[in-house]
Amino acid sequence: MRLKKLCMIRVHIVLMAVMILPAASAINAQINAEVSAASDQRWFGGPEDLEFAAKLWNSMSHAGLLENSYRKTGPRVGTHPHGALLESYKETISVNGAEGTVVIKFSYRGFGASYETISANRAKFLEDITVMFKREEGYDTENQNWFYAKYYGDGSLDATPNGVQLAGRIAKGKPKGCIACHRKAGDFLFAF
Ligand code: HEC
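Residues numbered from 1 in each chain as written. Predicted model: local features only at pLDDT ≥ 70, side-chain atom pairs only at ≥ 80, totals over all residues.

**Student:** Would you take a moment to explain the overall build of the protein chain for this structure?
**Tutor:** A count of helical and extended segments in the protein chain gives six helices and six strands. Listed by position from the N terminus, the elements making up the protein chain come as α-α-α-β-β-β-α-α-β-β-β-α. The contacts in the protein chain between residues at least 6 apart in sequence include a share of 54% that link residues at least 24 apart. (Helix = DSSP H or I, 4+ residues; strand = E, 2+ residues; numbered from the N terminus. Contact = placed C-beta atoms within 7 Å.)

This is how it looks when you write it as C-alpha cells:
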C-alpha cells in the first residue's frame, strides 16, 4: 500500500516535470526518473565517461565537424523527442587512438526558428548537440557498443535534473532513455 502510494507520487512528479519543463528537457526528466538507485548511475556520468566525452568533443572539433561550414545541408524538420528542426551527420573519426563511427545531431529551437533564420545564425537557435560514437567491442556488446552524450554548444554536458551528466551508456537497462529508444531503430540509428 505504502509502496503504491510512493509510486503514485513519483508518477505525479514525473508528469509535472514533463508538463513544466520545455520539450527538450523531457528526455532528461525521463532519464532522471529511470535513474533512481545510485547503482544505476555507474552506466553513465562517471569519471571515465566524462573524460571520454571531453576527448570525443575535441576530436569532433579538430575534424571540423562542429563548424557551420561543415553543415551545408541546412536544418530539416525533426522527429520527437529531439528538436523540431535539426541537422544530423555521420562520419568516421579517431577518439583516444581508436577509429569509430560518430553521429552528430544539432537540435534547434526558439521563436522565429526556420530553415532560413537557423542557416543564417545557428548559434542563436542551437539548443543541444546529441552524439553517438561507436566504441570498441566489449564496451556495451548488447547495445552495439554506442557511447552517448548530450552537449551544449560550448562542449559542456547537459545533466539529468538530479545532476548526473549525460555521457556514457545513458539509462542502460531502463525502459526509457537514449538506449531504450534507439534500440527501436534496429541498428540504433534512425536517420542513417
Ligand atoms: C523516445 C525516443 C528517443 C530518445 C529517448 C532519444 N532519441 Fe535520439 N533519436 C530519436 C529519433 C526518432 C531520431 C531521428 C530524428 C530525425 O532525424 O528526425 C534520433 C536521432 C538521434 C541521433 C542522430 C542519429 C539517428 O539515429 O538518426 C543522435 C546522435 C541521437 N538521437 C542521440 C540521442 C541521445 C544522446 C539521447 C539521450 C540523451 C537520445 N538520442 C534519446 C529518438 C530518440
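**Student:** Hey, could you run me through the pairing of strand E4 (residues 126–134) in this one?
**Tutor:** Regular strands show a simple pattern: their side chains alternate between the two faces of the sheet. In terms of burial, E4 is largely enclosed, as eight of its nine residues are buried. Here strand E3 (residues 98–108) runs beside E4; their pairing, made up of seven bridges, is antiparallel. Among the inter-strand pairings, Ser107 is bridged to a residue of E4, identified as Asp128. Pairing geometry for E4 and strand E5 (residues 146–151), over six bridges, is antiparallel. Residue pairing in the sheet places Ile129 in a bridge with Tyr151 of E5. (Buried ≥ 20, exposed ≤ 12 C-beta atoms within 10 Å, placed from the backbone. Pairing = 2+ DSSP bridges.)

**Student:** Explain the site of the ligand to me, please; I cannot follow it from the model alone.
**Tutor:** Neighbouring the ligand are 24 residues, the closest being Thr79, Cys178, Cys181, Phe190 and Ala191. Put simply, the parts of the chain that give the shell around the ligand at least two residues each are E3, E4, E5 and helix H6 (178–182). Its residues assigned to classes, the shell around the ligand shows 15 nonpolar, seven polar and two charged. (Near = placed C-beta within 6 Å. Nonpolar A, V, L, I, M, F, W, Y, C, P; charged D, E, K, R; others polar.)

**Student:** What is the right way to read the sheet that holds strand E6 (residues 167–168) from this model?
**Tutor:** Note on sheets: strands pair through backbone hydrogen bonds, and any given pair is parallel or antiparallel. Strand order in this open sheet of six strands is E1-E2-E3-E4-E5-E6, and the pairing throughout is antiparallel. In this open sheet, the two edge strands, each paired with only one partner strand, are strand E1 (76–77) and E6. Where strand E2 (residues 85–95) and E3 come together, 11 bridges link them in antiparallel fashion. Looking across to E3, one finds that Glu91 is bridged to Val102.

**Student:** Help me understand unusual backbone geometry, please; the structure alone is not making it clear to me.
**Tutor:** Excluding glycine, a negative phi dihedral is what most residues carry, and trans is how most peptide bonds are arranged. The omega angle of the peptide bond from His80 to Pro81 is 5 degrees, so this bond is cis rather than trans. Topologically, Pro81 is positioned in the loop between E1 and E2. With a phi close to 60 degrees, Asn96 is a non-glycine residue in the positive phi region. With respect to the secondary-structure elements, Asn96 resides in the loop between E2 and E3.

**Student:** Can you walk me through the pairing of E5 in this structure?
**Tutor:** Within E5, six of the six residues are buried, which leaves the element mostly enclosed by the surrounding structure. Burial of the side chains of E5 extends over both faces: Trp146, Tyr148 and Lys150 are buried on one face and Phe147, Ala149 and Tyr151 on the other. Bridging between E5 and E6 involves two bridges; their strand directions are antiparallel. Paired with Ala149 across the strands is Ala167, a residue of E6.

**Student:** How do you make sense of the nonpolar core when you look at a structure like this?
**Tutor:** Side chains that are nonpolar tend, in soluble globular proteins, to be buried together. Counting 33 residues, the largest nonpolar core has Leu56, Val131, Phe133, Tyr148, Ala149 and Ile170 as the members making the most contacts within it. Those elements that provide at least two residues to this core are helix H3 (47–62), E2, E3, E4, E5 and H6. (Core = buried A, V, L, I, M, F, W, Y, C linked by C-beta atoms within 7 Å.)

Interpretation note: all reported values are geometric properties and have no functional meaning in isolation.
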